[in-house]
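Residues per chain are reported as follows:
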Amino acid sequence: MPISAVVGANWGDEGKGKFTDLLAQHADFVVRFQGGSNAGHTIINEYGKFSLHLLPSGVFSPNTHNVLGPCVAVCIESLKKELQELERCAVPRPTLIISERAQLLFSYHKLFDILEEERRAGADFGSTRSGIAPFYSDMHSKIGVQLHELSDEAALRRHFELILPQKNILLRELYRHPGLEIDELLAEARVAREFLSPFLCDTRVLLGKALQQGKQVLVEGQLGTLRDIYHGIYPYSTSSSPLATFAPVGLGLPAREMKNVLAVTKAYSSCVGQGPFVVELDGAEAEELRRRGGDSGEYGATTGRPRRVGWFDAVATRYGVEVQGATEVALTNIDVLGYLDEIPVCVGYRNRKSGEELRHFPAQTEQGQMEPILVRLPGWKQDVSGVREFSKLPKEARDYVAFLEEELGVSITRISNGPRREQVIQR
Ligand code: GDP
């Protein structure tokens with residue numbers, strides 16, 4: 001059985017969690033291959049409404065194994081909180097497996113994230129302050145702590161003796177903050193070790209065997225293409241790669257196994273945090289779309305921040321779909337647009353100064369440098385959230401889907417018309 005992926009084509013918050021939860025019902029393994037608890041996937045099912053940050057979205061499917069791979073930032077606080085929330089809502093205890101090569105996110109990663117964002121005030125990255133950038137900086141500087149290393153306390157002490165002088169100079173001299181103490185870090189590592197040890201294994205071997213045995217492995221991207229560290233809107237990107245093509249690398253599995261890539265995109269655009277967002281609306285038009293969007297308005301699942309909103313951006317989404325190597329597309333939130341007489345779609349960017357028109361997504365744009373070239377399609381002016389067959393959608397809605405499909409060059413095979421699991425139209 002090949003690997004399948006559910007990934008985001010945009011800035012995140014496309015509705016990946018909903019599709020992963022849906023497809024997880026038929027998957028043996030649901031795997032997170034990057035990122036940490038710095039994004040939230042909203043899932044609404046028979047147990048209630050959840051915002052998952054670190055747990056894979058397969059935790060509601062009793063026969064599914066949920067895996068955190070080697071490139072995930074493992075935050076104990078988040079894991080504990082999310083597992084407790086599942087227990088509180090009577091969700092059967094999920095099977096959780098964590099790679100022994102994954103690294104621990106320490107409290108000092110969060111501390112550095114907060115202090116640096118404060119120092120940059122006004123020019124900050126819009127970080128969720130979950131410690132992700134300092135965590136991946138340490139990983140790539142080879143001073144992170146892999147989970148299997150937690151069991152050797154003497155080696156850990158030597159590790160901290162080496163890295164703390166550098167960290168404490170920054171803390172004391174740059175941020176005017178007290179330094180870190182080795183004994184406190186060792187205590188933190190001990191708590192993590194006790195909590196994590198039942199979950200640890202070599203996930204590469206486990207998943208490799210599963211693939212050989214014909215099991216279904218579903219990997220889940222944590223953010224969208226435009227937040228990818230390599231291909232996103234750097235530096236307003238995240239610090240890892242949420243691309244389907246990265247998943248085999250991140251998990252240590254053969255790339256040839258990655259066969260199905262479902263890229264999720266919204267029927268309009270939303271964006272949490274900083275960075276160029278050409279289709280951004282403001283004023284009453286934005287407020288109305290934000291209020292009507294998602295399951296209860298467009299507000300970040302992790303941060304509660306109001307999301308920036310705009311019309312569907314075919315330029316950015318085509319890029320997002322291509323970079324993900326999407327074999328199919330899921331279009332979500334189509335129900336949200338039922339209030340509009342006409343629905344604008346951005347089919348190109350125009351440079352405000354030079355007048356140059358672009359159809360491809362540029363490497364560098366500053367906010368305000370480009371304006372969207374819009375076409376307007378007729379709206380359907382009705383509630384479509386109860387429709388379950390494509391042919392029963394109003395003609396204008398079918399035409400809207402067909403128009404986006406043409407722009408993206410990849411089939412839109414699934415349409416989501418409401419936040420609940422069953423609100424999906426298979427095409
Ligand atoms: P993710 O991180 O990609 O899983 O997305 P988020 O959970 O951050 O944001 C998606 C939002 O859209 C959540 O509020 C979902 O409940 C909601 N949602 C997903 N699909 C639909 C849909 O088809 N219609 C509506 N109205 N809301 C949806």
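A quick note: this is a predicted structure, and the numbers were derived from the prediction, not measured.

## Things to note about the overall build of the protein chain
Part 1 of the argument: Check the secondary structure of the protein chain and you find eleven helices and 20 strands.
Part 2 of the argument: In terms of its C-alpha atoms, the protein chain occupies a principal-axis envelope of roughly 70 × 55 × 40 Å.
Part 3 of the argument: In the protein chain, the share of contacts with a sequence separation of at least 24, taken over all contacts with a separation of at least 6, comes to 76%.

## Remarks on the environment of Glu298
Part 1 of the argument: Within the secondary structure layout, Glu298 lies in the loop between helix 9 (283-292) and strand 13 (308-310).
Part 2 of the argument: Relative accessible area serves as the criterion here: at 0%, Glu298 is assigned to the buried category.
Part 3 of the argument: Expressed as a C-alpha distance, the spacing of Glu298 and Ala210, which sit 88 residues apart in the sequence, is 38 Å.
Part 4 of the argument: Beyond its immediate chain neighbours, meaning those up to four positions away, Glu298 contacts Lys266, Tyr268, Ser270, Arg290, Gly293, Arg305, Pro306, Arg307 and Val309.

## Concerning the sheet that holds strand 1 (residues 3-8)
Part 1 of the argument: Taken in spatial order, the ten strands line up as 9-7-5-2-10-1-11-15-19-20 in an open sheet, and their pairing is mixed. Of all the strands in the sheet, just strand 9 (200-201) and strand 20 (424-426) have a single pairing partner and so form its edges.
Part 2 of the argument: In terms of strand pairing, strand 2 (residues 29-32) meets strand 10 (residues 217-224) through four bridges, oriented parallel. When the bridges of strand 10 are listed, Arg32 appears paired with Glu220.

## Things to note about the site of the ligand
Part 1 of the argument: In the neighbourhood of the ligand, 20 residues make up the surrounding shell, with Gly17, Thr42, Asp295, Asp335 and Ser416 lying closest.
Part 2 of the argument: One nitrogen or oxygen atom from the main chain of Gly40 is found 2.9 Å from an oxygen atom belonging to the ligand.
Part 3 of the argument: One nitrogen or oxygen atom from the main chain of Gly294 is found 2.9 Å from a nitrogen atom belonging to the ligand.
Part 4 of the argument: Compared with its free state, where it exposes 580 Å², the ligand has 98% of that area covered by protein.
Part 5 of the argument: When atoms are counted within 2 Å of each cavity's grid points, the one that captures over half of the ligand is the second largest pocket.
Part 6 of the argument: Element by element, the count of residues in the shell around the ligand is highest for helix 1 (residues 16-24), at three residues.
Part 7 of the argument: Residue composition of the shell around the ligand, grouped by class: two nonpolar, eleven polar and seven charged.
Part 8 of the argument: A domain split of the shell around the ligand shows at least three residues from each of domain 1 (3-101 + 199-262) and domain 3 (265-323 + 331-426).

## A word on helix 9
Part 1 of the argument: Of the residues making up helix 9, those classed as buried are Ala286, Leu289 and Arg290. Projected onto a plane normal to the axis of helix 9, the buried residues spread over an arc of 100° and lie on a single side. In helix 9, the exposed positions angled more than 90 degrees off the buried face are occupied by Ala284 and Arg291.
Part 2 of the argument: Contacts from the buried residues of helix 9 go to strand 13.
Part 3 of the argument: One or two positions beyond helix 9, positive phi appears at Gly294, with a value near 60°.

## Remarks on the UniProt feature "active site" (unreviewed entry) in the protein chain
Part 1 of the argument: In the numbering used here, UniProt assigns the feature "active site" (unreviewed entry) to Asp13 and His41. In three dimensions, the annotated residues from a span of 29 residues occupy one location, with a maximal C-alpha spread of 7.2 Å. Here the residues from the annotation list that line the largest pocket are Asp13.
Part 2 of the argument: Among the secondary structure elements, Asp13 is positioned in the loop between strand 1 and helix 1.

## Description of the domain arrangement of the protein chain
Part 1 of the argument: Domain assignment breaks the protein chain into domain 1 (3-101 + 199-262), domain 2 (103-196) and domain 3 (265-323 + 331-426).
Part 2 of the argument: The straight-line distance from the C-alpha centre of domain 1 to that of domain 3 is 24 Å.
Part 3 of the argument: Facing 34 residues of domain 1, the contacting portion of domain 3 comprises 35 residues.
Part 4 of the argument: The contact between domain 1 and domain 3 buries some 2700 Å² in all, and 55% of this surface belongs to carbon and sulfur atoms.
Part 5 of the argument: Scanning the region where domain 1 abuts domain 3 turns up four salt bridges.
Part 6 of the argument: The partner of Arg421 in a salt bridge is Glu46, and the shortest N-O contact between them spans 3.2 Å.
Part 7 of the argument: Counting across the interface, domain 1 meets domain 3 through 19 residue pairs in polar contact (both at pLDDT 80 or more).
Part 8 of the argument: Put simply, the parts of the chain that give the side of domain 1 that touches domain 3 at least two residues each are helix 1, strand 3 (41-45) and strand 4 (48-52).
Part 9 of the argument: Looking at the side of domain 1 that touches domain 3, the element that brings in the most residues is helix 1, giving five residues.
Part 10 of the argument: In the side of domain 1 that touches domain 3, the residues fall into 13 nonpolar, 14 polar and seven charged.

Conventions adopted
Residues numbered from 1 in each chain as written. Predicted model: local features only at pLDDT ≥ 70, side-chain atom pairs only at ≥ 80, totals over all residues. Heavy atoms only, no water. Helix = DSSP H or I, 4+ residues; strand = E, 2+ residues; numbered from the N terminus. Contact = heavy atoms within 4.5 Å. Buried < 20%, exposed > 50% of the residue type's maximum accessible area, 1.4 Å probe, protein only. Pairing = 2+ DSSP bridges. Near = heavy atom within 4 Å. Polar contact = N/O pair within 3.5 Å; in protein donor to acceptor, adjacent residues only side chain to side chain. Areas by Shrake-Rupley, 256 points an atom, 1.4 Å probe, with all protein chains shown as cover. 1 Å grid on protein atoms, 1.4 Å probe; cavity = no way out; pocket = protein on both sides within 12 Å on 5 of 7 lines; lining within 4 Å. Sits in = over half its atoms within 2 Å of the grid points. Nonpolar A, V, L, I, M, F, W, Y, C, P; charged D, E, K, R; others polar. Domains from an automatic or database assignment. Arc of directions from axis to C-beta. UniProt positions renumbered as here; feature names shortened; annotations may be inferred. Buried area = accessible area lost by both parts, 1.4 Å probe. Salt bridge = Lys/Arg side-chain N within 4 Å of Asp/Glu carboxyl O.

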